[in-house]
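# Coordinate analysis (summary)
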Amino acid sequence: MGLDTQISAAIRMIRKGRKKIEVVERFGDEVYELAMVRLKYKEKFKRPIYMPLSGFRYATHEVVARYRGRVARERVVADLSCGCGMQAIFFAKYAEKVYAVDIDPRMIRYARMNARLYNAKNIEFIVGDALDNRIKSMIYDADFVFSDPSRPESERRRRLSTLSPPPAKIVEIYDKPYMFDLPPQISAKEITINGRREYISLHGKINRLTLYAPDIAPRNNDVWCVSLPRGAVLGKNDRIDRDYPRASEAYEYIYLVDQAVYYASLLPELCKKYCVEVLSTGKRRTFATSEKRKNSPFFVRVCRRLSGPYKTLEEALRVAKSTGISSPTIHAPISPSEYWKVRGMFGTAKIKGLKGAIIGWKDNYYVCEVI
Ligand SMILES: C[S@@+](CC[C@H](N)C(=O)[O-])C[C@H]1O[C@@H](n2cnc3c(N)ncnc32)[C@H](O)[C@@H]1O
């Protein structure tokens, strides 16, 4: 039985509710993992890619890979830790040639199959350690090197040194311009390599941090953020005071801000450009506010304040219900027990009512209409 036939048969078993152990006994771990990814590949890709479950979490989203691929236009690129090949495939759409290197032969096998799926023909695949001189000599004609290194599953504080291959070593070994994919949570102080930072969000959520050597960076700013899929850009302006205006209470309009703006520390630029004040900041949620309605591609949600602030989420929810809001979206920290309370209050049935939201942070909860 060929690999595709096995994957299809495994998918049928999973869909019928058969246990993991039964699927693994029949087809083995590898086919089980490929089948599991096939069941959800559309979350990230247009085509039914070959990828193990462990690779799926960190694989570059197709929208991001396509956007970043443009930097390779008419160049020769070496992706030194290509994984299942998504970024390499989208470099190849623009590049003259791509070298796709990975230490794991299984990844190179999948990357080859994925390249066929996406009809990318100008990729040379190489199994090997990016830190090895053999690889350096094989990619000698590359104009720049790229690496999206493996990272530990979880870490209290993201660091460059725990990445594999370590970016600082790549800079040391390869005497070429570089481009790295780094964990967006890493603090700017930890990035000891000279470069320009690009924070990318997808549908308002932080997705990637790219570090470009200045000579290949697509922009002149030290830092900028890009909101995909629209592609809106906000760049750091050194002439703007880093202290941004803060509001102690919400005005008429409240905005949920794109996470990339927060990660890139570009709230001063956002406030200045769109004439808003910041209400509250955080990795998960940042809110801005204004008296008159403002529009920005970096506002993920625009709301009109109806009432508040209330001290607790429960109080805000009670008011929301009496205001005729059917089932509010909650943009506030919510514990699992609170979640069930909300479900109990509002149920799951779709009742006709005002499209509402609760916007909140510690001790401040507003009942809003979503507009
Ligand atoms: C996060 S994945 C890359 C994902 C890929 N960019 C994508 O778009 O799907 C990281 C890859 O780095 C590879 N890797 C780790 N250390 C390496 C090394 N020293 N040399 C080459 N590849 C390495 C791992 O095998 C893994 O496949």
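Fair warning: this is a prediction, and the values are worked out from it, not measured in the lab.

### Regarding the domain arrangement of the chain
As assigned here, the chain comprises domain 1 (3–56) and domain 2 (58–235). Every contact between the two is made by nine residues of domain 1 and, on the other side, 11 residues of domain 2. Its residues assigned to classes, the side of domain 1 that touches domain 2 comprises five nonpolar, one polar and three charged.

### Here we look at the environment of M36
Relative to the helices and strands, M36 is located in helix 3 (residues 29–38). You can call M36 buried: it has 20 C-beta atoms within 10 Å. As a C-alpha pair, M36 and L53 span 17 residues in sequence and 6.9 Å in three-dimensional space.

### What about unusual backbone geometry?
Cis geometry marks the peptide bond from S164 to P165; its omega dihedral reads 0°. Here P165 lies in the loop between strand 4 (144–147) and helix 9 (167–173). Residue P229 follows L228 across a cis peptide bond; omega there is 10°. Of note, H203 is a non-glycine position whose phi angle comes to about 50°, a positive value. By secondary structure assignment, the location of H203 is in the loop between strand 6 (196–202) and strand 7 (205–212). Overall, the presence of 13 C-beta atoms within 10 Å leaves H203 in the partly exposed class. Positive phi, normally seen in glycine, also occurs at D363, with a value near 65°. Topologically, D363 is positioned in the loop between strand 15 (356–361) and strand 16 (364–370).

### Looking at the sheet that holds strand 2 (residues 97–102)
Here nine strands make up an open sheet; going across it, the order is 3-2-1-4-5-7-6-8-9 and the pairing mixed. The two strands at the open ends of the sheet, each matched to only one other strand, are strand 3 (123–127) and strand 9 (232–235). Each strand of the sheet is rotated relative to its neighbour by a mean of 20°, with strand direction disregarded. Bridging between strand 8 (residues 223–228) and strand 9 involves four bridges; their strand directions are antiparallel. In the sheet register, W224 faces strand 9, and the bridge partner there is G235.

### Brief notes about the packing of helix 1 (residues 3–15) against helix 3
Contact geometry of helix 1 with helix 3 gives a least axis separation of 9 Å together with a crossing angle of 70°. When the axis of helix 1 is compared with that of helix 3, the two are roughly perpendicular. Like other packed secondary-structure pairs, helix 1 and helix 3 cross with a definite hand, here right-handed. Residues Q6, I7, A10, I11 and I14 of helix 1 form the contact with helix 3, whose own contacting residues are V31, Y32, L34, A35 and R38. Of the residues assigned to the contact of helix 1 with helix 3, the class counts are eight nonpolar, one polar and one charged.

Quick notes on the rules
- Residues numbered from 1 in each chain as written.
- Predicted model: local features only at pLDDT ≥ 70, side-chain atom pairs only at ≥ 80, totals over all residues.
- Domains from an automatic or database assignment.
- Contact = placed C-beta atoms within 7 Å.
- Nonpolar A, V, L, I, M, F, W, Y, C, P; charged D, E, K, R; others polar.
- Helix = DSSP H or I, 4+ residues; strand = E, 2+ residues; numbered from the N terminus.
- Buried ≥ 20, exposed ≤ 12 C-beta atoms within 10 Å, placed from the backbone.
- Pairing = 2+ DSSP bridges.
- Axes fitted to C-alpha atoms, helices over the stretch in contact; angles between N-to-C directions.
- Parallel < 35°, antiparallel > 145°, perpendicular 65-115°, else oblique.
- Left-handed = near helix turned anticlockwise from the far one by under 90°.

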